[in-house]
Amino acid sequence: MKTNLNILPVVCLLCLCACKNGNASGLNKTEVAQDTIKTFTLPTIPPMLTAPDLRADFLVKHYWDNVNFADTNYIHHPEVTEQAWADYCDILNHVPLETAQQAIRKTIERTNVDKKVFTYITDLADKYLYDPNSPMRNEEFYIPVLDAMLASPVLEEIEKVRPKARRELAQKNRIGTKALNFNYTLASGAQGSLYQQKSDYTLLFINNPGCHACTETIEALKNAPIINQLLSQKKLTILSIYPDEELDEWRKHLNEFPKEWINGYDKTFAIKEQQLYDLKAVPTLYLLNKDKTVLLKDAPAQTIEEYLLMKGEQ
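Computed from a prediction, not measured in an experiment: that's the story for all the values here.

Enquirer: Quick question: what am I supposed to make of the confidence of the model for the protein here?
Expert: Low pLDDT means the predicted atomic positions in that stretch should not be read closely. Averaged over all residues, the pLDDT of the protein is 88; the fraction at 70 or higher stands at 88%. The low-confidence segment residues 1–7, where pLDDT is below 50, has 16 contacts with residues more than four positions distant or belonging to other chains.

Enquirer: It is not clear to me how the layout of surface pockets should be interpreted in this structure. Could you clarify?
Expert: A water-sized probe rolled over the atoms picks out the places where empty space is left. Considered as a void within the structure, the largest pocket measures approximately 1,200 Å³ in volume. Along the wall of the largest pocket there are 38 residues; nearest its centre are Arg137, Lys297, Asp298, Ala299 and Pro300. For the lining of the largest pocket, the element with the highest residue contribution is helix H8 (residues 212–222), accounting for five residues. In the lining of the largest pocket, the residues fall into 21 nonpolar, eight polar and nine charged. Two domains each provide a minimum of three residues to the lining of the largest pocket, namely domain 1 (52–171) and domain 2 (177–313).

Enquirer: I tried to follow the packing of helix H4 (residues 97–110) against helix H6 (residues 139–151) on my own but got confused; where do I start?
Expert: A pair of packed helices is characterised by two quantities: the angle between their axes and the separation of those axes. It is at 8 Å that the axes of H4 and H6 come closest, and there the two elements cross at 35°. H6 is crossed by H4, and the crossing has right-handed handedness. Residues Leu97, Ala100, Gln101, Ile104, Arg105, Ile108 and Glu109 of H4 form the contact with H6, whose participating residues are Glu140, Phe141, Pro144, Val145, Asp147, Ala148 and Ala151. Considering only residue class, the contact of H4 with H6 consists of nine nonpolar, one polar and four charged.

Parameters at a glance
- Residues numbered from 1 in each chain as written.
- Predicted model: local features only at pLDDT ≥ 70, side-chain atom pairs only at ≥ 80, totals over all residues.
- Heavy atoms only, no water.
- pLDDT = per-residue confidence, 0-100.
- Contact = heavy atoms within 4.5 Å.
- 1 Å grid on protein atoms, 1.4 Å probe; cavity = no way out; pocket = protein on both sides within 12 Å on 5 of 7 lines; lining within 4 Å.
- Points joined across faces, edges and corners; volume = space filled by probe spheres on them.
- Helix = DSSP H or I, 4+ residues; strand = E, 2+ residues; numbered from the N terminus.
- Nonpolar A, V, L, I, M, F, W, Y, C, P; charged D, E, K, R; others polar.
- Domains from an automatic or database assignment.
- Axes fitted to C-alpha atoms, helices over the stretch in contact; angles between N-to-C directions.
- Left-handed = near helix turned anticlockwise from the far one by under 90°.

Here it is, written out as C-alpha cells:
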C-alpha cells in the first residue's frame, strides 16, 4: 500500500509511553502537547507495568484516552490521526485476539459522538484493515469495526447495508471454521470437490491466470522449498481454481501451472454467485488442514510458507 506514513515499531511506542507527553506522529518535542491538532498524546503507562505484554495490554485499551472524538479538527490533520491509527493497528498484533477485538470495537463506539469523526475513523479502518492492497489488512480486526458500524446510532439503516454484507461475507470461512465445499471441473472434463482432497494440508488458490499478482503468487509457490517438499511427500494438495467465465483465457495459461497441482475451474460459478468465498481481490489463498478447517485465510504466499515451515519444525 502506498502511503507517506511510517509505522513506529511497537518497541519504540512502548518506550514512548513511559514518557508523559510521547506522541505517535514523531513530531518535534518542542511542540505544545495540548495542541490537539498538531500532536497525538499517548497514555502514560503505570510504572508498575514492566512486562511487555502488560504494557501492550494497557496501551491498546487506553490508546485513545487523550483524544476528544467530538473535535472534528482531527479530520483535517491525517499526519496526526492517520499516523496514530497506523501505529494502533500495529500494536493490536501484540495482544491476544479477543483483547484486540474488544479494544477496536470500543474505539469505534467512542466516535459515535460525531458522525463526521465516525466516518473518518471507519474509513481509516477500511483502508488499513480491509483494503486488499494494505499490508496490515486483518479481517479478524475488521469484524469488530463492522459490528460497531451495524450498532451505531449515527448511521441510517441504508448506510448499514454495505457493512452488513461485508459482515456476512467475513463470517464465511473464518479461521478455525470448516471451509465451504464446492465442485470443480478439470480441463479434461473430469470433476472433483474440495472435500475430496485427503492430504494433511490443502492450499486453495483462487486466481485469474494472467493477472500480475496471480503470476507472482504462482512463481512464489513454485519456488518455495517447503511447498515442493510437502507436495512430493503427498502431504499437501494445491487446488488452483479459476472462478470466472472466460475459459479460453484460462486454458491459454494452463502450462504455467505445475503438473503436481490440481488446476480446475468453477463450472457453475458457485464461488462467485453464491459468494462462497470473499473475492474482493485475486489471487486469494486459504490453507486448510486435513479436515478442511481454515488455518490461514486470504494470506500471502510468504505467510503460508512460514506457517508450514513452523509446523514442520514442531
